[in-house]
Each structure stands twice: as C-alpha cells, then as structure tokens.
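Survey of secondary and tertiary structure
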Amino acid sequence: MENPPIDSLDKDAILARRIVDAGPGLASEAEAELYRRLAPRVRLYGLRHLRDEQAAADLVQQVLLMTIEKLRAGGLRETERIVSFVFGACRMVVLDLRRGHARRERLLQQFADDITIADASADPRLDHERLARCLERLSERERAVLLMTFYEDKRAGEVADALGLAAGNVRVIRHRGLERLRDCVIGTQA
Amino acid sequence: MTAPACNAPIGPALLIEYWLGELDETAGARIDEHLLGCGECSGRLAEIVGLARGIRAAVREGAVRAFVTDAFIKSLAAQGVRLREYRVARNGSVNCSVAPEDEVLVARLEAPLAGVSRLDAVFYGSTDAAAEVFRDIPFNAASGEVVLTPNTARLRLTPSHQLRVRLVAVEAGGERVVGDYTFNHAAFDLRA
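Here goes a summary of the coordinates provided. Note that the coordinates shown come from a computational prediction; the quantities given were computed from them, not determined experimentally.

Further remarks concern the overall build of chain A. The helix and strand tally for chain A stands at nine helices and zero strands. In chain A, 67% of the contacts between residues at least 6 apart in sequence involve partners at least 24 apart. Entry remark: accessible area of chain A is about 9100 Å², with carbon and sulfur atoms responsible for 46%.

Inspection of every chain in the model, using the stated rule, returns one disulfide over all chains. Residue Cys134(A) pairs covalently with Cys184(A) via a disulfide, S to S 2.1 Å. The disulfide joining Cys134(A) to Cys184(A) has a torsion of about -75° about its S-S bond and is therefore left-handed. Residue Cys134(A) is located in helix H6 (residues 128-136), and its partner Cys184(A) is located in helix H9 (residues 167-186); the two are separated by 50 residues in the primary sequence. Cys41(B) takes part in no disulfide bond, and the closest cysteine sulfur, belonging to Cys38(B), lies 3.7 Å away.

This next bit is on empty space enclosed by the protein. Under the defined criterion, the tally for this structure stands at two cavities of 30 Å³ or more. What lines the largest cavity is simply Leu147(A), Ala58(B), Val59(B), Gly62(B), Ala63(B), Val64(B), Phe72(B), Leu76(B), Val104(B), Thr149(B) and Pro150(B). Of all the elements in the fold, those that place two or more residues in the lining of the largest cavity are helix H3 (39-60) and helix H4 (70-78) of chain B. A class-by-class count of the residues in the lining of the largest cavity yields nine nonpolar, two polar and no charged. The volume enclosed by the second largest cavity comes to roughly 50 Å³. Looking at the lining of the second largest cavity, the elements that each hand over two or more residues are helix H2 (28-50) of chain A together with helix H2 (25-37) and H3 of chain B. Tallied by class, residues from the lining of the second largest cavity come to six nonpolar, one polar and two charged.

A few words now on the pattern of salt bridges. Scanning all chains against the criterion turns up 34 salt bridges over all chains. With a shortest N-O distance of 2.9 Å, Arg41(A) and Asp12(A) are connected by a salt bridge. Residue Arg41(A) is found in helix H2, and its partner Asp12(A) is found in helix H1 (residues 6-22); the two are separated by 29 residues along the sequence. Residue classification places Arg41(A) among the buried positions, given a relative accessible area of 6%. Across the pair Glu140(A) and Arg143(A) runs a salt bridge whose closest N-O atoms are separated by 2.9 Å. Highlighted residues: Glu140(A) and Arg143(A), both in helix H7 (residues 140-150), separated by three residues, approximately one helical turn. What you see here is one network of salt bridges that share partners, running through Asp70(B), Lys74(B), Glu85(B), Arg87(B), Arg108(B), Glu110(B) and Glu145(B).

With that out of the way, let us pick up the sheet that holds strand S2 (residues 83-88) of chain B. All names here are of chain B. Pairing is mixed across the open sheet formed by four strands, whose spatial order is S1-S7-S4-S2. Looking along the sheet, the strands with just one partner apiece sit at the ends: strand S1 (66-68) and S2. Direction aside, the axes of adjacent strands within the sheet are offset by 25° on average. Pairing between S1 and strand S7 (residues 145-149): three bridges, direction antiparallel. Note on S7: the bridge partner recorded for Ala 66 is Thr 149.

Tracing the backbone through its elements, the reader meets Leu178(A) in helix H9. Taking the C-alpha atoms as reference, Leu178(A) lies 22 Å from Glu53(A); in sequence the two are 125 residues apart. Leave out the neighbours within four places in its chain, and Leu178(A) touches Leu146(A), Phe150(A), Ile16(B), Ile48(B) and Leu51(B).

Cut-off values and rules
Residues numbered from 1 in each chain as written. Chains lettered and ligands numbered in written order. Predicted model: local features only at pLDDT ≥ 70, side-chain atom pairs only at ≥ 80, totals over all residues. Heavy atoms only, no water. Helix = DSSP H or I, 4+ residues; strand = E, 2+ residues; numbered from the N terminus. Contact = heavy atoms within 4.5 Å. Areas by Shrake-Rupley, 256 points an atom, 1.4 Å probe, with all protein chains shown as cover. Disulfide = S-S within 2.5 Å. 1 Å grid on protein atoms, 1.4 Å probe; cavity = no way out; pocket = protein on both sides within 12 Å on 5 of 7 lines; lining within 4 Å. Points joined across faces, edges and corners; volume = space filled by probe spheres on them. Nonpolar A, V, L, I, M, F, W, Y, C, P; charged D, E, K, R; others polar. Salt bridge = Lys/Arg side-chain N within 4 Å of Asp/Glu carboxyl O. Buried < 20%, exposed > 50% of the residue type's maximum accessible area, 1.4 Å probe, protein only. Pairing = 2+ DSSP bridges. Axes fitted to C-alpha atoms, helices over the stretch in contact; angles between N-to-C directions.

Next up, the structure:
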C-alpha cells in the first residue's frame, strides 16, 4: 500500500507538467483533465474527514484551485510530487474548514473565472429500489449490521455493543454483507 | 483502453475500516495519500460510499425490513425521521396502521430473552400463504424486547390484514416458543 500506483501518478504528473510548461492559463485542457481526475478523490477525502457533502465540495474547489494556481505559477517543479502536494493541501484545508476559516470566497474570486469546475461526484448513483430489494436478500444479521453501521457510520465496536456481539464478529458480518449487497446491486439478480 | 492498474490495491475490508475511522492515524494517513493518487482504489471506495448512501436512503424511506436495536431507533428519531411505534406485550395484540406522514414504523415485541442465544421469528399472514421464517435475528438479550422495523413503504400499500409473529428460541434441546404477537393492520383511510 505504501507504493503509489505508478500509472495513475504518471498520468497526473504528465498533466501537471503540461500546466507548468505552458505558463499561466495556457493549458486549460490539461487543467480541466487534471481537475476531472483529482476531484472525485479529493471529494472522498473530504467526505471521510468532514462527513458533509457541502464541506467536501468546498474542499474540492479550494484544494484544486490551490493546486492549479501552484502549477500555473511554476511553484511545483517536481510534478511527480503532485499527489503529495494535493495531500498536504487537503490536510491544511480540512483543518481550516474545521476551524471555520473558509477561504473559499477569496480563492474563487481570485481564480475561479478561468477554471472549469467539474462535478466531483464519483460514487455511483444507485437504483434505491434495487438496493432495497438486495438488502432484503441478506441474512437478518447482515442487514441489521449494515443498517446500524452505515446509517450513521458507526464503528464495529459500537454496533457490537448494541447487538451483544464481539467487534471482530461485526467486522466479518459487515464485510460479508457489503460484498453480497454489492454483488446483488451491481449484478443481474435483484 | 483499460484503466491503469494499481500495483498495491487496498482490499475492501480495509477500505471499510478506513471509511469508518477504525484505523490508527498513521495507517489512515497512508491510505489517504494512496487514495489521492489512485483512481482504482478510490473508485472502489466510491462504490462503498455509494452503497452506504443507498442504505441510508432505504432506511429513511422505510423501504427495508430489519430487526434492529433501541439505540438505532433513537438515532433515527434524533435525525428527525418520523416514527410510529407500537409496543406489543408478550402474547398480546395491537391495532396498527401507517399514516401518510409516517416514515418508519417500529414494533417493539416484549420478550423474556435472558439466556437466549439464538432467536428465530416466524411471520404468519391472515391468508393461507406459507409462513415466513427469519432465522437468527439480531437482538439484545438485556433489553427484554425485539425491535422490528417492517418495510413501511410496502405496508403502506397493503390492505387491512392480520399478521402474527412468533418468536422462537433455538436451544440445544430444541425450539421453544418465547411469545406470540398479533398485529391487526388497518389500511389508512384518507377519507376518514
């Protein structure tokens, strides 16, 4: 897991290099493509750390505007380090958002006019009726554990306490249930 | 053209633990950075997040039947979900309905559960249809109740009928009836 996925990084780095080499505002296609690639990942980071759709959307805009501005200004010469830069920016902005020091408006005023903002949503929009039918196909314990876990993103220990089970047992049921649900929703039987 | 392959993919179990914040800070940060650089693994996480969102929607729409806990019902109430609750004594009955404003129905079946390690629920309809058996339902023995959220969306469309629920403890020596519960469901009459 420590090793970065080389192909994906290469593509991001190539786009970053194009932006650096072109000069400010002259590589709009590369900027849009880099935004399109990174936005869903930054959004997931935001959802994971902020647990809020709107805050995650704010994070995407702030981090990617900072990133593209950095590249435009030639401030990131080693473009293969683009993901490290984005990671650092994510951490910083999340701290800012948590402190309530949003700088969104300032950044948007400064840079947003000439940067295309893409839809960052990457998680598939599921057919809810199908998902509900698939939930009913799970065992009683799998269904209860998935509902209790994902309705409020509860950890295994909390669900285990509520059901009088061991946390390890809840993790096993949770993993198995989610895999079965995924197979049913994505598969042909529902 | 195929998507670029990740040379160190993160498995789904670890992705779930990451998503729920079960990992320590160092492990979580390693996965943060990996996901920011990896479309393949972040795509798998997005799938999990999509399923989680679908589960939340199904619960809020009352579209799924489940045996849950009192704490879960309290968290629904705290989030503003409109609940209608029926408490049924052991071997008792209740008249029940679903009003248009109800989002989730809750049935609390009072039952002596001390010493019970496995419980099945058997549903008998008022027709000749075969009984439905739900095996190994989740419960908290200390609570003295089994908490059921029926598929409210489906029940809303169902005509008046009677449903009997039998709780059966499965023990080493065989099965033992814990209690019978009767629901006299009246379809909601908008003209009333």
